[in-house]
Number of protein chains: 2
Amino acid sequence: MMDSTQAVAAFAALGQEYRLSIVRALVTAGPDGLAAGVLAGEVGVSSTNLSFHVKELSRAGLIQSRRDGRSIIYSATYPALSDLIAFLMRDCCQGRPEVCTPAVEALVACCTPTGDVAHA
Amino acid sequence: MMDSTQAVAAFAALGQEYRLSIVRALVTAGPDGLAAGVLAGEVGVSSTNLSFHVKELSRAGLIQSRRDGRSIIYSATYPALSDLIAFLMRDCCQGRPEVCTPAVEALVACCTPTGDVAHA
DNA sequence: TCTACGTTTCAATAATAATTGAGATACTGC
DNA sequence: GCAGTATCTCAATTATTATTGAAACGTAGA
């Protein structure tokens, strides 16, 4: 369960244009992730600057990396994202479902497009 | 529906210790909100500095203010928080329910204490 | 082993954010 | 109006973050 210090770090990490793009690209890419060079290209940032931002995201626990040959592959850390959502909802809901109830609808629209829910 | 520029602003706003505390205090306080002085006391920040941080949160749309006598009352903007949660889930879920599915559980635990979920 | 490639590290700089204290503004009650 | 309270604005300072380019590192293939 995420504490508020971790949450601050995660929010700060996502509160930067390039870094949010990086996370979005990695989430979209899935568990296979993307090599640093590809990621830099997609996001439109220099390799040096990408390196700075991915380090920041790693520090916040939102992404992870592994080496594959001469490439370094980054991928999203899904549980950290889940935890962050959970933190937001937990804190927002403190006796006030008016915040989370609309989010339920977004969730339903998002995760159950066909009416066929995550049967995981 | 929140776009990524707004989301960056919201995340950046929450990515600071005092500001996250402010939002938490205001969410907990409910729609009645809290006067600036009270808020400063709860969060442990000088009135000048509080003023800086609440302005930042307002700019991101996460809180709002109204005057009541000589006090200025701040309160959480619930829809903005909902939108942010929705944005996170929408972006995270892109074909990958493994992120959101655990969040569903948090949501259910959080918002549906009676087992009566949003059947919208 | 030499060379090329992908990526990182480092140091310098530029840009932005946070904190402080003094003074200004807005309201209240006398 | 005057005195007092609550809060804000402003300017100065400090601290942190982002960006850049050059150089170093690790890996792969000839």
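Bear in mind that the values here come from a model prediction, so they are computed numbers and not experimental data.

Participant: Is there a simple way to explain the protein's contact with DNA strand C in this structure?
Facilitator: Residues in close proximity to DNA strand C total 21 residues, the closest being Ala35, Ala36, Gly37, Ser51 and Ser71 of chain A. Listing elements by their share of the surface near DNA strand C, those giving two or more residues are α3 (36-43), α4 (47-59) and β3 (71-76) of chain A together with α4 (47-59) of chain B. The element that contributes the greatest number of residues to the surface near DNA strand C is α4 of chain A, accounting for 6 residues. In the surface near DNA strand C, the residues fall into 7 nonpolar, 10 polar and 4 charged.

Participant: Looking at this structure, I do not really get the protein's contact with DNA strand D. What am I missing?
Facilitator: Neighbouring residues of DNA strand D: 21 residues in total, closest Ala35, Ala36, Gly37, Ser51 and Ser71 of chain B. Among the secondary structure elements, those contributing two or more residues to the surface near DNA strand D are α4 of chain A together with α3 (36-43), α4 and β3 (71-76) of chain B. The element best represented in the surface near DNA strand D is α4 of chain B, accounting for 6 residues. Looking at the surface near DNA strand D residue by residue, the class counts come to 7 nonpolar, 10 polar and 4 charged.

Participant: Help me understand the sheet that holds β3 of chain A, please; the structure alone is not making it clear to me.
Facilitator: Consider a sheet: its strands pair through backbone hydrogen bonds, and that pairing is either parallel or antiparallel. Residue and element names in this part refer to chain A. Here we have 3 strands laid out as an open sheet, ordered β1-β3-β2, and antiparallel in their pairing. Of all strands in the sheet, those with a lone pairing partner are β1 (34-35) and β2 (63-68), marking the two edges. Summarising the sheet, β2 and β3 pair through 6 bridges and their orientation is antiparallel. Within β3, the position partnered with Arg66 by the bridge is Ile73. Packed onto the sheet, α4 meets β2 and β3 and runs at close to 120 degrees relative to β2.

Cut-off values and rules
- Residues numbered from 1 in each chain as written.
- Chains lettered and ligands numbered in written order.
- Predicted model: local features only at pLDDT ≥ 70, side-chain atom pairs only at ≥ 80, totals over all residues.
- Near = placed C-beta within 6 Å.
- Helix = DSSP H or I, 4+ residues; strand = E, 2+ residues; numbered from the N terminus.
- Nonpolar A, V, L, I, M, F, W, Y, C, P; charged D, E, K, R; others polar.
- Pairing = 2+ DSSP bridges.
- Contact = placed C-beta atoms within 7 Å.
- Axes fitted to C-alpha atoms, helices over the stretch in contact; angles between N-to-C directions.

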